[in-house]
Amino acid sequence: MARGGQGLARVAVVVRAGAAPLWWLGVFAAGIGVLVPGVTGRRIGVLGGAALFLVGAAVVACTRRRPYTALATGAARAGKHDVLQDRAVTVRNWRRGHGWWLLLAFLVALGSSFAVPAAGGMLLAGTGTGLRLKAAWLGRRERAGDALLWVRVDWLDRRGGRPAGRAVKAYRGTGIAAGDAAPGGARRRTTTLA
């Protein structure tokens, strides 16, 4: 980094990075799990899975919001020599760092179908939905404060996650148009002129 600048990753992008793989792995595991009669039977498995989906989404979306709020409140302005990491790089780093964990979660969800069909997959999909909801909550905070939230890359854990972990001392803020991700971490829509 030139002249003491730091590499910065979007907080909402780090939070959202696991949403799509967890969702799709969960849907796939649940789809396969429905084919297995299981110990409890399909009806109980699907109903239990629906409840687990809702509980998983709510728990992931609503827990540990206080550290994000505290760090966002004290966010300093990013320096002109700070380097803003592309959304694709942040997502790739998270997914590479968590690849084995995602595979293990998928296998556990798939294996649980022999006991309770589809329930494990639906729980996995629920956690992915919860991450998307938490990123959307961060996006609303960013819009309300008219500033995007960034975290130093070297303060993330070695797998590219935990944007509100113990190592994170503070967030940095930029204008709402900075970087290539919209508030909430989604891809920024580009408008084309006719």
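Our structure is the block above this text.
Residue numbers run consecutively from 1 along every chain, following the written order of its sequence. Totals for whole chains, interfaces and linings use all residues, but because this is a predicted model, local features are given only for residues with pLDDT of at least 70 and pairs of side-chain atoms are given and counted only at 80 or more. Working from all heavy atoms in the structure, the side-chain values ignore hydrogens and water.

**Student:** Tell me what's going on with the overall build of the protein chain, and back it up with residues and numbers.
**Tutor:** When helices and strands are tallied, the protein chain shows 7 helices and 5 strands. Every helix listed is a DSSP run of H or I at least four residues long, and every strand listed is a run of E at least two residues long, numbered separately from the N terminus. The linear arrangement of helices and strands in the protein chain, starting from the amino end, is β-α-α-α-α-β-β-α-α-α-β-β. Considered along the principal axes of its C-alpha atoms, the protein chain spans approximately 60 × 40 × 30 Å. Exposure classes here rest on a 1.4 Å probe applied to the protein chains alone. A residue is buried below 20% of its type maximum, exposed above 50%, and partly exposed in between. By residue count, 42% of the 194 residues in the protein chain fall in the buried class. Only heavy atoms matter for contacts: two residues are in contact if any of them lie within 4.5 Å across the pair. Partitioning the intrachain contacts of the protein chain with sequence separation of at least 6 by distance along the chain shows that 85% fall at a separation of at least 24.

**Student:** Give a description of the nonpolar core that names residues and reports values.
**Tutor:** Working definition of a nonpolar core: buried Ala, Val, Leu, Ile, Met, Phe, Trp, Tyr and Cys residues. They are joined through side-chain atoms within 4.5 Å. Within the largest apolar cluster, 31 residues are counted, with the highest numbers of intra-cluster contacts made by Val-11, Val-15, Tyr-68, Leu-138, Val-151, Val-168 and Tyr-171. Of all the elements in the fold, those that place two or more residues in this core are helix H1 (11–16), helix H2 (19–34), helix H4 (65–73), helix H5 (87–97), helix H6 (99–112), helix H7 (119–145) and strand E4 (148–152). In this structure Val-11 touches Tyr-68, Leu-138, Leu-149, Trp-150, Val-151, Pro-163 and Tyr-171, once residues within four positions along its chain are discounted. Of all hydrophobic cores here, the second largest spans 5 residues; its members include Ala-78, Leu-148, Trp-150 and Ala-178.

**Student:** Please provide a residue-by-residue account of the layout of surface pockets, values included.
**Tutor:** Of the two site types, the cavity is a set of points on a 1 Å grid over the protein atoms alone where a 1.4 Å probe fits but cannot get out, and the pocket is an open set with protein on both sides within 12 Å along at least five of seven lines, each lined by residues with an atom within 4 Å of a point. Grid points are joined across faces, edges and corners, and a volume is the space filled by probe spheres set on the points. Roughly 650 Å³ of volume is contained in the largest pocket. Taken together, 24 residues form the lining of the largest pocket, with Val-60, Trp-94, His-98, Leu-131 and Arg-162 sitting closest to its centre. Of all the secondary-structure elements, those providing two or more residues to the lining of the largest pocket are H1, helix H3 (42–62), H6 and H7. Throughout, the ten residues Ala, Val, Leu, Ile, Met, Phe, Trp, Tyr, Cys and Pro are labelled nonpolar, Asp, Glu, Lys and Arg are labelled charged, and all others, Gly among them, are labelled polar. Considering only residue class, the lining of the largest pocket consists of 13 nonpolar, 6 polar and 5 charged.

**Student:** Before we move on, can you summarise the pairing of strand E1 (residues 7–10) with the specific residues and values?
**Tutor:** Judged by which residues are buried, E1 turns out to be covered on both faces: Gly-7 and Ala-9 on one side and Leu-8 and Arg-10 on the other are all buried. Pairing of E1 with strand E3 (residues 83–84) involves 2 bridges; the strand directions are parallel. What sits directly across from Gly-7, in E3, is Val-83. The pairing criterion for strands is at least two bridges between them, as found by DSSP. In this structure, E1 lies alongside E4, joined through 3 bridges in antiparallel fashion. Across the sheet, residue Arg-10 finds its bridge partner in E4, namely Trp-150.

**Student:** Which residues make up the packing of aromatic side chains, and what values go with them?
**Tutor:** Aromatic rings from Phe, Tyr and Trp, with only the six-membered ring used for Trp, were paired whenever their centres fell within 6.5 Å, and each pair was classed as stacked if the ring planes differed by under 30 degrees, edge-to-face if by over 60, and tilted otherwise. In the structure shown here, the tally under the stated rule is 4 aromatic pairs. On the numbers, 5.8 Å between centres and 10° between planes, the contact of Phe-28 with Phe-106 is stacked. Of this pair, Phe-28 sits in helix H2 while Phe-106 sits in helix H6; the two residues are 78 residues apart in sequence, bridging distant segments of the chain. Overall, Phe-106 belongs to the buried group, its relative accessible area being 11%. An angle of 90° between the planes, with centres 6.5 Å apart, marks the rings of Tyr-68 and Trp-137 as edge-to-face.

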